[in-house]
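Analysis of the macromolecular model
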Amino acid sequence: RMKKKYESDIRELEGALDNANRANAEYLKQIKSLQNRVKELDSLLDDERRMADELRTQLQMTERRRLALSQELDDAKALLDAAERARKTAEGELNEVGIRESE
């Protein structure tokens with residue numbers, strides 16, 4: 001009778017061990033899958049960081065170019081204003097010469 005009880009206990013323990021081993025194998029598969037996903041996400045993160053760095057560099061270059069063009073525009077406006085003043089002065093002098101000649 002004790003022998004049957006022990007045999008029954010052993011079968012239960014073996015069944016529990018089999019279940020635990022199957023569960024452990026499944027957990028190992030999940031861990032492996034999650035490790036692969038982490039590697040994949042790390043790679044994507046590295047790519048995104050590289051792209052962000054490149055875009056930041058492009059933005060800095062574009063900002064420098066914008067500032068240079070803005071300065072060129074301001075210089076061109078100043079030259080245009082000076083040319084306009086010179087034109088008005090020349091027109092005024094031309095009118096004075098015309099008035100003097102007509103007198």
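Preceding block: the structure.
Attention here is on the structure that accompanies the text.

Moving on, we come to the overall build of the protein. Looking only at helices and strands, the protein has 1 helix and 0 strands in total. Taking the principal axes of its C-alpha atoms as reference, the protein extends roughly 150 × 15 × 10 Å. Here the protein, with 103 residues, has 0% of them falling under the buried criterion. Total accessible area on the protein stands at roughly 9,800 Å², and carbon and sulfur atoms take up 57% of it.

Moving on, we get to the pattern of salt bridges. Evaluation of the coordinates by the stated rule reveals 7 salt bridges. Between E84 and R87 there is a salt bridge, with the nearest N and O atoms lying 2.2 Å from each other. Within this pair, E84 and its partner R87 are both found in helix α1 (residues 2-102), separated by 3 residues, close to a single helical turn. Of the residues examined, R87 reaches a relative accessible area of 37% and is grouped as partly exposed.

Once that is clear, we can look at the environment of D74. Within the secondary structure, D74 is located in helix α1. For the pair D74 and K5, spaced 69 residues apart in sequence, the C-alpha separation works out to 100 Å.

To continue, consider the environment of R50. Among the structural elements, R50 can be located in helix α1. Of the residues examined, R50 reaches a relative accessible area of 47% and is grouped as partly exposed. Along the backbone, R50 and R11 are 39 residues apart, and their C-alpha atoms lie at a distance of 58 Å.

Rules used in this analysis
- Residues numbered from 1 in each chain as written.
- Predicted model: local features only at pLDDT ≥ 70, side-chain atom pairs only at ≥ 80, totals over all residues.
- Heavy atoms only, no water.
- Helix = DSSP H or I, 4+ residues; strand = E, 2+ residues; numbered from the N terminus.
- Buried < 20%, exposed > 50% of the residue type's maximum accessible area, 1.4 Å probe, protein only.
- Areas by Shrake-Rupley, 256 points an atom, 1.4 Å probe, with all protein chains shown as cover.
- Salt bridge = Lys/Arg side-chain N within 4 Å of Asp/Glu carboxyl O.

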